[in-house]
Protein chains: 2
Amino acid sequence: MNKKEGKSALNESKNKPEARNISNASAQRIRSFRKKKFSADELVEQLLQGNKTALGRAITLIESNQKKHQQQANIILEKALPFSQKSIRIGITGVPGVGKSTFIESFGSFLISKGKKVAVLAVDPSSSVSHGSILGDKTRMENLVKEPDAFIRPSPSGDSLGGVARKTRESIVLCEAAGFDVILIETVGVGQSETTVHSMTDFFLLLKLSGAGDELQGIKRGIVEMADAIVINKADGENLKAARDAKLEFSRALQLYPAKESGWKPSVKLCSALLNEGIEDIWKMISDFRKEVEENKFFFKNRQEQNKFWMYQTINDYLKNRFYENETVKKALKEQLKLIEENKTTAFAAAKYLLSLT
Amino acid sequence: MNKKEGKSALNESKNKPEARNISNASAQRIRSFRKKKFSADELVEQLLQGNKTALGRAITLIESNQKKHQQQANIILEKALPFSQKSIRIGITGVPGVGKSTFIESFGSFLISKGKKVAVLAVDPSSSVSHGSILGDKTRMENLVKEPDAFIRPSPSGDSLGGVARKTRESIVLCEAAGFDVILIETVGVGQSETTVHSMTDFFLLLKLSGAGDELQGIKRGIVEMADAIVINKADGENLKAARDAKLEFSRALQLYPAKESGWKPSVKLCSALLNEGIEDIWKMISDFRKEVEENKFFFKNRQEQNKFWMYQTINDYLKNRFYENETVKKALKEQLKLIEENKTTAFAAAKYLLSLT
């Protein structure tokens, strides 16, 4: 690992777009803040005051793979934890082209006009290869990015979805401690990323398009079942009729799904993110949801369950990695898979043999 | 473990109902076969000739927790494996009261009339407590049980679904080696049992009732997505109209599901198992399915993937059990879960701490 200060990700000015917009701070103060080296305690203090540069820096510590940074990150997290209970975490998914960025731009700007502080994070396991296929280009949210009460952070890179997931979950805690009360977590349908985002959010919103065979195409198995709402975007102009038809069709289909543990009945909404239509209605729905699940105690119960789930998930991932990355196992695994393909051994006998190697 | 012969499950006459029906064998020969102690090789030889008593005995070896029996079981399995490629494995699920037993009785009898040999197995993880809530009472299939070409076996007991799953998967292999070419695997909606059965079968059939709000009640999340067919049972008499309405509703809903990897488009069928109506049509559908997925190569690819899945599943279960059953971990886990509940630690920090203990 390169320990030279000049090469550390922490010294890159990653947070320029946000920092530019801390309207009350002079450029001079920001510059001196950036140059200064902070202890974890100082960073937490700034972060709790809502300083976005401190927030960005703390997230960079979380994302770092350097041991020293991880230790600092843990100190910060522990202090930030008690302040992370008042937000709502909203997952937003949809196939590419459905208008996620435009929706977040429109929805986020609306929330800020209502006095909310909005953080936008992303979970994109492909970003370690493509360097961020979503949210990488902040210019797609050109109004939101200028808002002092908005914080936008691209997907962390990570060698695995597990790594990306952990970094995002811990970033949520920091955003909340910094006073952001609506956390939007964007994801794109890659691998298990939607399931991952679903298990770290309170409300899960599926964006869709009407017509053009979209009902049938591109929806991954299980996504509709996870959704707390289906929002049909681009419901404007010539699309309007098709969007209304799709709404009817989906509303009918949702009735066939089993009841949710939250007691919440998912509904279908129309919107045009481009024309800012239907946005207020969606926020009203989410507010209704929150009221309902706070009353029936599901809200906090679910967060507790999510935390426990992630603890088990982290442990189980580690146990598997340790086993499958063992060199003896790696070699023997190939042989056993071949025997299974040739129908020369049973799954159980192969497993037993491999387990005997460690 | 009790090693006295008199107490071994292998010496119980578990297979009486089937054995009674081996029409060509004299009672004398069966009795002497039962009394004799067989080597694994002899058992395999008998089993490959289609001897149901030998099959029952071999399955009992698989189900045994005694080490000696497990060794014999492994020898038998290895020899049986090459003969297990020609069957079709059909999973059948549905809530209690939907008529699974009546359906299997009717469907199985029809298949036998078409010259098939039919094995009926069950996966019921609750059976270790309740001693078999499904298939426990064979009299519910009173015609099928008398057929020489039918083999019926209740759910194995097991301390976990994983244990039940392994025993059932290996029993499938033995049934196939004994010449059974249609394997019906019944399950009831307990925990993850449907997912388990789905991942060991070629075709997954969801039995349902029409009307009475059944569309909304009792379907577990994900089940409809796994189904290759929804069969609405008890579509007779006064139920017929409601059944037809339900068929329409489900057909429409299925269109909203994403395409299956197999390329197969699931459909909805009506049947009255009681009146033997619609049964032939269901078999035709499954035959069409088989033709289609053999042509597009999905059939064998899927079985290979299932075998690999089960190997990984077995390994991962073992790794987890070993970790969580460690006494130090057990104690510390309780503390960490409490800290998570009190929001005093993160999921990741708790996981890291627990992993440091082993």
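Residues numbered from 1 in each chain as written. Chains lettered and ligands numbered in written order. Predicted model: local features only at pLDDT ≥ 70, side-chain atom pairs only at ≥ 80, totals over all residues. Heavy atoms only, no water.

Q: With reference to specific residues and values, describe the overall build of chain A.
A: When helices and strands are counted, chain A shows 15 helices and 7 strands. Taking all 358 residues of chain A together, 54% fall into the buried category. About 16700 Å² of surface is accessible on chain A, with carbon and sulfur atoms providing 52% of the total. (Helix = DSSP H or I, 4+ residues; strand = E, 2+ residues; numbered from the N terminus. Buried < 20%, exposed > 50% of the residue type's maximum accessible area, 1.4 Å probe, protein only. Areas by Shrake-Rupley, 256 points an atom, 1.4 Å probe, with all protein chains shown as cover.)

Q: Describe unusual backbone geometry, naming the residues involved and giving the relevant values.
A: Residues and elements named next belong to chain A. Here Lys234, not a glycine, exhibits a phi torsion of approximately 60°, which is positive. For Lys234, the position within the fold is in the loop between strand S6 (229–233) and helix H11 (240–254). Its relative accessible area of 35% is what places Lys234 among the partly exposed residues.

Q: Let's hear about the packing of aromatic side chains: which residues, and what values?
A: If you walk through the whole model with that rule in mind, you get 20 aromatic pairs over all chains. With centroids separated by 5.3 Å and ring planes inclined at 85°, the aromatic side chains of B:Trp264 and B:Phe289 adopt a geometry described as edge-to-face. Here the residue B:Trp264 occupies a position in the loop between helix H11 (240–254) and strand S7 (267–270), and B:Phe289 occupies one in helix H12 (residues 279–295), the gap between them amounting to 25 residues. Look at B:Trp264 and you get buried, because its relative accessible area is 9%. An aromatic cluster is built from A:Phe103, A:Phe107 and A:Trp283, whose rings are joined through pairwise contacts. (Phe/Tyr/Trp six-rings, centres within 6.5 Å; stacked < 30°, edge-to-face > 60°.)

Q: Tell me about the interface of chain B and chain A, and please be specific about residues and values.
A: It is common to give the size of an interface as the accessible area lost on bringing the parts into contact. Contacts between the two partners involve 56 residues from chain B, matched on the other side by 55 residues from chain A. Carbon and sulfur atoms make up 62% of the area that chain B and chain A hide from each other, which totals about 5400 Å². In this structure, A:Lys308 engages B:Glu341 in a salt bridge whose closest nitrogen and oxygen atoms are separated by 2.6 Å. Counting across the chain B and chain A interface gives 8 residue pairs in polar contact (both at pLDDT 80 or more). Of all the secondary-structure elements, those providing two or more residues to the side of chain B that touches chain A are helix H5 (67–80), helix H8 (161–177), helix H10 (223–226), H11, helix H13 (298–324), helix H14 (327–341) and helix H15 (347–355) of chain B. For the side of chain B that touches chain A, the element with the most residues is H13(B), which contributes 14 residues. Residue composition of the side of chain B that touches chain A, grouped by class: 27 nonpolar, 13 polar and 16 charged. (Contact = heavy atoms within 4.5 Å. Buried area = accessible area lost by both parts, 1.4 Å probe. Salt bridge = Lys/Arg side-chain N within 4 Å of Asp/Glu carboxyl O. Polar contact = N/O pair within 3.5 Å; in protein donor to acceptor, adjacent residues only side chain to side chain. Nonpolar A, V, L, I, M, F, W, Y, C, P; charged D, E, K, R; others polar.)

Q: Just give me the short version of the sheet that holds strand S5 (residues 203–209) of chain B, but keep the residues and values in it.
A: Residues and elements named next belong to chain B. Spatially, the 7 strands line up as an open sheet ordered S3-S2-S4-S1-S5-S6-S7, and their pairing is parallel. The open sheet terminates on both sides in strands that have one partner only, identified here as strand S3 (150–152) and S7. Within the sheet, the average angular offset between the axes of one strand and its neighbour, ignoring direction, is 25°. Bridge count for S5 against strand S6 (residues 229–233) is 5 bridges, and the pairing is parallel. Of the residues in S6, the one forming a bridge with Leu207 is Val231. Along the sheet face, H11 touches S5, S6 and S7 and points at about 170° away from the line of S7. (Pairing = 2+ DSSP bridges. Axes fitted to C-alpha atoms, helices over the stretch in contact; angles between N-to-C directions.)

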